[in-house]
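# Fold and geometry: a report
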Amino acid sequence: MEFFKIRRDIPFMRHALIFNVVSFATFALAVFFLFSRGLHLSVEFTGGTLMEVNYTQAADVEKIRTTVAGLGLTDVQVQNFGTSRDVMIRLPVQKGVTTAQQSDRVLAALKAVDPAVTLRRTEFVGPQVGEELAQDGLKALAMVVVGIMVYLAFRFEWKYAVAAIIANLHDVVIILGFFAFFQWEFSLAVLAAVLAVLGYSVNESVVIFDRIRENFRRYRKMDTTEIIDNAITSTISRTIITHGSTQIMVLSMLLFGGPTLFYFALALTIGILFGIYSSVFVAAAIAMWLGIRREDLIKSPAKKDEDPNDPNAGATV
């Protein structure tokens with residue numbers, strides 16, 4: 001299916017150097033903000049108080065969130081679990097305030113709005129648990145990166161694996177840079193979005209690399225730059241349809257999903273936009289500069305051994 005048929009190849013690689021300078025500058029800024037400001041980690045990573053409350057009727061999550069925020073507490077997570085009457089509240093650590101004092105204060109504020117609310121349980125999530133979650137998240141990220149590199153190296157060639165993984169890490173670091181610069185809350189949901197972006201971004205790179213391999217077989221007179229430009233141009237219709245429909249779904253979560261899904265959808269939005277950009281101007285350009293050739297993907301047929309009984313064997317003209 002092609003809604004956008006482009007007749008002439010767009011010379012993407014002619015401007016690859018300019019766009020990669022922009023990419024490097026953006027990447028460097030993201031790294032700078034990560035080290036200078038750091039990530040604003042959520043309760044899952046830093047530790048805090050976990051409360052479970054129950055209502056006699058369906059709970060108004062937005063009203064509960066407003067009530068708790070009125071106590072001066074920031075970075076509070078409020079969400080339903082199990083049924084619409086059960087609500088989970090995550091509270092950040094407060095200096096000089098115990099878990100019991102914090103939960104009693106929140107419960108009193110909730111009872112002032114609805115006296116029928118009851119406290120099911122309250123517990124403290126220590127920072128040691130958060131540290132373990134952070135380590136597990138980094139391990140998962142490393143395993144995804146290694147798996148992608150091995151897959152691409154077997155399917156294509158090591159130059160393509162290096163190009164694709166650099167492009168993918170470029171997307172991940174820029175997402176983290178946005179969260180560090182604006183101090184958006186980084187939670188387990190955002191970590192899941194980052195891992196999803198890794199797989200999503202590499203899919204676009206694989207589509208382009210597949211078309212590059214087909215072009216090497218089909219067009220013998222084109223040089224590498226023309227091959228890459230043709231591959232990207234011929235897959236633009238697919239790129240617009242696939243990423244456009246995905247972005248519409250993610251934007252719907254961003255705009256109408258509420259605070260619980262907001263940062264998850266925001267990370268996906270940034271990742272999808274930069275994933276398209278990096279597949280074209282980062283992955284393809286790096287593969288070009290690494291010196292990909294037709295011989296890397298298409299092995300020339302081996303010459304048949306000469307027949308020793310052939311009187312013309314070894315003869316020269």
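Just above, that's the structure.
Keep in mind that what you see is a predicted model, and the values were worked out from it rather than measured. (Residues numbered from 1 in each chain as written. Predicted model: local features only at pLDDT ≥ 70, side-chain atom pairs only at ≥ 80, totals over all residues. Heavy atoms only, no water.)

## Here we look at the overall build of the protein
In terms of helices and strands, the protein carries 11 helices and 6 strands. When contacts within the protein are restricted to residue pairs at least 6 apart in sequence, those whose partners lie at least 24 apart make up 78%. Total accessible area computed for the protein in this model is approximately 17,400 Å², and 62% of it derives from carbon and sulfur atoms. (Helix = DSSP H or I, 4+ residues; strand = E, 2+ residues; numbered from the N terminus. Contact = heavy atoms within 4.5 Å. Areas by Shrake-Rupley, 256 points an atom, 1.4 Å probe, with all protein chains shown as cover.)

## Quick word on the nonpolar core
Core analysis: the largest hydrophobic core is formed by 58 residues, its most contacted members being Met13, Leu152, Phe209, Ile212, Ile228 and Ile232. Every element with two or more residues in this core is listed here: helix H5 (127-155), helix H6 (158-182), helix H7 (188-218), helix H8 (224-234), helix H9 (236-256) and helix H10 (259-289). The dominant element in this core, judged by the number of residues it contributes, is H10, at 16 residues. Not counting residues within four places of it along the chain, the set of residues in contact with Leu152 comprises Glu157, Tyr160, Ala161, Ala164, Val202 and Val206. In terms of nonpolar packing, the next biggest core, distinct from the first, is built from 19 residues, Ala59, Val68, Ala109 and Leu110 among them. (Core = buried A, V, L, I, M, F, W, Y, C linked by side-chain atoms within 4.5 Å. Buried < 20%, exposed > 50% of the residue type's maximum accessible area, 1.4 Å probe, protein only.)

## Let's talk about the side chain of Glu185
By secondary structure assignment, the location of Glu185 is in strand E6 (residues 185-186). No salt bridge is formed by the buried Glu185; its nearest oppositely charged neighbour, Arg90, is found at 8.9 Å. (Lys, Arg positive; Asp, Glu negative; His and termini not counted. Salt bridge = Lys/Arg side-chain N within 4 Å of Asp/Glu carboxyl O.)

## Details of the pairing of strand E4 (residues 83-92)
Regular strands place their side chains on alternate faces of the sheet. Across the 10 residues that make up E4, a large majority, 7, are buried. The pairing of strand E2 (residues 48-54) with E4 spans 7 bridges and is antiparallel. Each bridged residue has a counterpart across the sheet, and for Gly48 the counterpart in E4 is Pro92. In this structure, strand E3 (residues 77-81) lies alongside E4, joined through 5 bridges in antiparallel fashion. In the strand pairing of E4, Gln77 is matched with Arg90. If you look at the hairpin formed by E3 and E4, you'll find 1 residue sitting between the two strands, and Gly82 has a positive phi there, around 75°. (Pairing = 2+ DSSP bridges.)

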